[in-house]
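Coordinate inspection notes
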Amino acid sequence: MLQKIAFFLFLLSSIWVSAQNEQLALQYFDDGEFEKALTIFEESSQKQPSNFFFFQKIIECQQQLKQYDKAEEVIIKRKDKNNQPLLLIELGYNYQLQKNTDKAEKNYDLAIQEVEKEQNYAYQVANSFEKKVLLEWALKAYETAQKKNPKLNFDYQSALLHGQLGKLDLMLQKLLDYSYSNQENTALVQNQLSRFLLDDVNGAFANEIKKGLLLKTQKSQDVYWNQFLSWFFVQQKEYGKAFVQEKAVYKRNPDSFYNIVTLAKLAIDEKQNEEATSILTFVLENTDNLDLQMQAHHFLVSMEIESAIEKDYLAIDLKLQGLLKKYGITPFSLDLQILTAHFEAFYLKQTNLGKQLLQNALQLPLNIREESRVKMELADIMVYDEKFNQAILYYAQVEENLKNDVIAHEASFKLAKANFYKRDFDWTLQQVKNLKQSPSLLIANDAVELFLLIEDNSVEDSLRIALQDYAKADFQLYQKKNDEALQSFLSILQKHKGKSIEESTLFKVGKIFEEKNDYAKAIQYYQNILEQHKDGIYKDEALFFSAEIYRKHLLDIEKAKQLYEKIVLEHPDSLYFTESRKQYRTLRGDSTI
């Protein structure tokens, strides 16, 4: 027994030493110390002569040291023992490094001949060529195998090689053929196309995808291509066009209705309210599913609230009450209940009615996620009512009940904001420190902005007078007292001119004027940020929202294009980078999509 234990310990220590040596050799190799790396790899190879990794590393070290004759000797010695096609590639590449093209290609041809004899070699041979950036030879390996055995399918691998060679038309053709033949891998193909779309500087590839998919839908009646085309239009954020395709899918597959509702939600998120309304109206006209009906009504009323003015409030309230009466107070109508409570509190200023509706909802048989959503809205109303401590308790419960969930991260930030509104800046600072690393980019971005706001203005003003004024104005904005908030922010600009608080305040004022549709004034305040705070944290926001105003409202396309371009060139890490790049390309006329 003791002998077995001793042997086992000896074996473990040998493995550990071997791993340490291998790590050291790799470190030497990465540092360019090839002679040291070679010595260790040769020692390791003597202990494990069949290990291909050590063999390959020995060759690479010798080639880096220009010891081509020694590398050839090592390759041929191994080839005499085991005539693998990979060794022919290694030998050919060794000749290529010596600029002996004829001998190199002779060995590459021999490797291809091996694939012709045994098609199962195709993947490892092509992979070996690809590692050496011999992409045409890698393609030849796949094509040879597929020609010899048509049952084999290397369309996906060949497509990616065509992409690396810049032959995007061939890549697209092969990827689409592969996805249709292997529909379980559609998401894999779409992920690859998404990567190329990200680097599609002039929009030409997006146009090719569109043409290719439209051609497929015309030639084939298979609903698969309508679904693929819908996916493409969603990538381009063209939800109206995606809806056309989803309707075609629905006619042949009525079970696809949930996809249409999801499409409406995406359109709402992108503020494409007209398209969203068309989609949701279609849903209400074509389904008896109560859950889908409620979702559609919820989205429609939410959009209506967002654009409503005070004279519309009574009609909206009656609509919400009618929907609750129609669908009842049950867990299934929870979204409508939360929306109604929010509207009662934040728009009709009836906070007690809103709180009561939510307290009643908590008596329903809800799961932990549903309960957390109710508590989140209840906490929001408590903040509105300046009952900060009660709100903080509810936010903390959501944090605890849904740890690491996106709702929990949102609750954490709202808890920090509640402390900010009650002007407990030190506690807020501690909370946002942790949130700066949130997996949600939006929350992380907001946390960074709040952290810098407090920290910068604490250093400059130990009494934090400007910060207190800002917290008051920001809270008025939270309560939707926009006119009061505007006056408070304008007062800050007068009282604290040139101080750190100025940049954040200019941005807030710009946003308020934008919401009031006073676009000229909004532009003026954004421009102040760009001129007076060139190194500030709101520069990309000022550029983006100015560009959006020029494009959507002032219809100055040239000016919008210039501002989008500045974001693309100067702010690649901005949250607005992707949308700016898309709009810049469109305005520049790069894409007809």
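Cut-off values and rules
- Residues numbered from 1 in each chain as written.
- Predicted model: local features only at pLDDT ≥ 70, side-chain atom pairs only at ≥ 80, totals over all residues.
- Heavy atoms only, no water.
- Salt bridge = Lys/Arg side-chain N within 4 Å of Asp/Glu carboxyl O.
- Helix = DSSP H or I, 4+ residues; strand = E, 2+ residues; numbered from the N terminus.
- Expected span 1.5 Å × (residues − 1).
- Buried < 20%, exposed > 50% of the residue type's maximum accessible area, 1.4 Å probe, protein only.
- Polar contact = N/O pair within 3.5 Å; in protein donor to acceptor, adjacent residues only side chain to side chain.
- Contact = heavy atoms within 4.5 Å.
- Phe/Tyr/Trp six-rings, centres within 6.5 Å; stacked < 30°, edge-to-face > 60°.
- Lys NZ or Arg CZ within 6 Å of the ring centre and 35° of its normal.

**Some remarks on the pattern of salt bridges**
In total, this model carries 33 salt bridges according to the counting rule given. Lys117 serves as the salt-bridge partner of Glu114, at 3.3 Å between the closest nitrogen and oxygen. Taken as a pair, Glu114 and Lys117 lie in helix α6 (residues 101–117) at a separation of 3 residues, close to a single helical turn. Note that Glu400 is salt-bridged to Lys403, the shortest N-O span being 3.4 Å. Overlapping salt bridges, with partners in common, bring together Lys237, Glu270 and Glu579 in one network.

**Focus on helix α21 (residues 368–384)**
Here α21 is 17 residues long and its end C-alpha atoms lie 24 Å apart, about the 24 Å a rise of 1.5 Å per residue gives. The element α21 is largely enclosed, with a buried count of 13 among its 17 residues. The N-cap residue of α21 is Asn367: its side-chain oxygen and the backbone nitrogen of Arg369 are 3.1 Å apart. Remark: Glu386 follows α21 within two positions and exhibits a positive phi of approximately 65°.

**Focus on the side chain of Glu514**
Along the chain, the position of Glu514 falls in helix α28 (residues 501–515). With relative accessibility at 16%, the residue Glu514 sits in the buried group. Among all residues touching Glu514, those that are not within four sequence positions of it are Tyr519, Ala522, Tyr526, Phe545 and Ile549.

**Here's the deal with the packing of aromatic side chains**
A full pass over the atoms with the stated rule returns 44 aromatic pairs. Between the aromatic rings of Phe228 and Trp231, the centroid separation amounts to 5.6 Å while the plane-to-plane angle is 85°, which identifies the pairing as edge-to-face. Note that Phe228 and Trp231 are positioned in helix α13 (residues 223–235) at a spacing of 3 residues, about one turn of the helix. When sorted by exposure, Phe228 lands in the same class as Trp231, which is buried. An aromatic cluster is built from Phe346, Tyr384, Phe388, Phe420, Tyr421, Phe425, Tyr470, Phe475, Tyr478 and Phe489, whose rings are joined through pairwise contacts. Its end group placed over the ring of Phe545, Lys511 keeps NZ or CZ at 3.6 Å from the ring centre.

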